[in-house]
Amino acid sequence: MRARISSCALIRCARLSKRGYGARVRLALALGAFAVELSAATGVTACGRRATHTDCQLIVDKSVELGMKEMSLTSEPAIRKREERVREELQAQIASCEGLRVTDRMMGCVRIASTSKELDRCLR
C-alpha cells in the first residue's frame, strides 16, 4: 500500500518550519514522499518528459499558494514571501524532484488547480 501525501500536508509541515529543526525535517520527508509518489505515478506510464527545476518549483509554489488560500490567507505578498521561504528550505528536495517523469497535461493541470484536492488529482 503506497502512502499518499497531500499538498495540504506539505503546507502544514511548512507552517511548522518556523518552530525548528524537527519541523524542517518533517517538511523534507513530506516533500521526499511526494517526489517518490510523483515518480511512481508517472513512471508507470513511462511517457512524458523529465521534470525541470521550474516544474518542481511550480508544484511547491502552487501547493503553498493553495494551502494558504484555504487557510484564508490571500495576501499576494504574504503568499510570495512564504513561497520564497519554502523554496529556500527545500532546495535539496526540489533538486531531487528534477528528472522525474511529468507530462505537459499534468503540469497544465497543476497551473490551473484551484484547490489542494485538485492539485492532488493532477499529481496522481
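Preceding block: the structure.
Residues numbered from 1 in each chain as written. Predicted model: local features only at pLDDT ≥ 70, side-chain atom pairs only at ≥ 80, totals over all residues. Heavy atoms only, no water.

A few points about the overall build of the protein chain
In step 1: When you go through the protein chain residue by residue, the secondary structure sums to 7 helices and 2 strands.
In step 2: Secondary structure of the protein chain in N-to-C order comes out as α-α-β-α-α-α-β-α-α.
In step 3: Expressed as a percentage of the 124 residues in the protein chain, the buried residues total 42%.
In step 4: Here the analysis covers contacts within the protein chain between residues at least 6 apart in sequence; of these, 74% occur between residues at least 24 apart.
In step 5: Just so you have it, the protein chain exposes about 6900 Å², and 57% of that area is on carbon and sulfur atoms. (Helix = DSSP H or I, 4+ residues; strand = E, 2+ residues; numbered from the N terminus. Buried < 20%, exposed > 50% of the residue type's maximum accessible area, 1.4 Å probe, protein only. Contact = heavy atoms within 4.5 Å. Areas by Shrake-Rupley, 256 points an atom, 1.4 Å probe, with all protein chains shown as cover.)

Digging into the side chain of Lys62
In step 1: By the element assignment, Lys62 lies in helix α3 (residues 53-70).
In step 2: Glu65 provides the closest opposite charge to the buried, unpaired Lys62, separated from it by 4.2 Å. (Lys, Arg positive; Asp, Glu negative; His and termini not counted. Salt bridge = Lys/Arg side-chain N within 4 Å of Asp/Glu carboxyl O.)

Let's talk about the packing of α3 against helix α4 (residues 76-89)
In step 1: For the pair α3 and α4, interaxial distance at closest approach is 9 Å and the crossing angle is 135°. Classified by the angle between their axes, α3 and α4 sit oblique to one another. For the pair α3 and α4, the crossing hand works out as right-handed. Contact with α3, carried on its side by Gln57, Val60, Asp61, Val64, Glu65, Met68 and Lys69, involves Glu76, Ala78, Ile79, Arg80, Arg82, Glu83, Val86 and Arg87 of α4 and no other residues of that element.
In step 2: Of the residues assigned to the contact of α3 with α4, the class counts are 6 nonpolar, 1 polar and 8 charged. (Axes fitted to C-alpha atoms, helices over the stretch in contact; angles between N-to-C directions. Parallel < 35°, antiparallel > 145°, perpendicular 65-115°, else oblique. Left-handed = near helix turned anticlockwise from the far one by under 90°. Nonpolar A, V, L, I, M, F, W, Y, C, P; charged D, E, K, R; others polar.)

Considering the environment of Glu118
In step 1: Within the fold, Glu118 resides in helix α7 (residues 116-122).
In step 2: Considering only alpha carbons, one finds Glu118 and Leu66, 52 residues apart in sequence, at a separation of 9.9 Å.
In step 3: In contact with Glu118, not counting residues within four places along its chain, are Cys109, Ile112 and Ala113.

With respect to the nonpolar core
In step 1: Ranked by size, the top nonpolar core spans 20 residues in total, and within it Val60, Val110, Leu119 and Leu123 carry the most contacts.
In step 2: Elements represented by at least two residues in this core include exactly α3, α4, α5 (91-97), α6 (104-112) and α7.
In step 3: Among the elements that make up this core, the one with the highest residue count is α3 (6 residues).
In step 4: Among all residues touching Val110, those that are not within four sequence positions of it are Leu58, Ile59, Lys62, Leu119, Cys122 and Leu123. (Core = buried A, V, L, I, M, F, W, Y, C linked by side-chain atoms within 4.5 Å.)

Considering the environment of Val64
In step 1: Position of Val64 among the secondary structure elements: in helix α3.
In step 2: Under the relative-accessibility criterion, Val64 is labelled buried at 3%.

Quick notes on the state of the cysteines
In step 1: Under the criterion given, the structure shown has 2 disulfides.
In step 2: Bridging Cys56 to Cys97, the disulfide has an S-S length of 2.2 Å. Taking the torsion about the S-S bond as the criterion, the Cys56 to Cys97 disulfide, at about -85°, is left-handed. Here Cys56 is found in helix α3, whereas its partner Cys97 is found in helix α5, with 41 residues between them in sequence. Each of the two residues, Cys56 as well as Cys97, counts as buried.
In step 3: Cys109 shares a disulfide with Cys122; S-S distance 1.9 Å. Because the torsion about its S-S bond is -70°, the bridge between Cys109 and Cys122 counts as left-handed. (Disulfide = S-S within 2.5 Å.)

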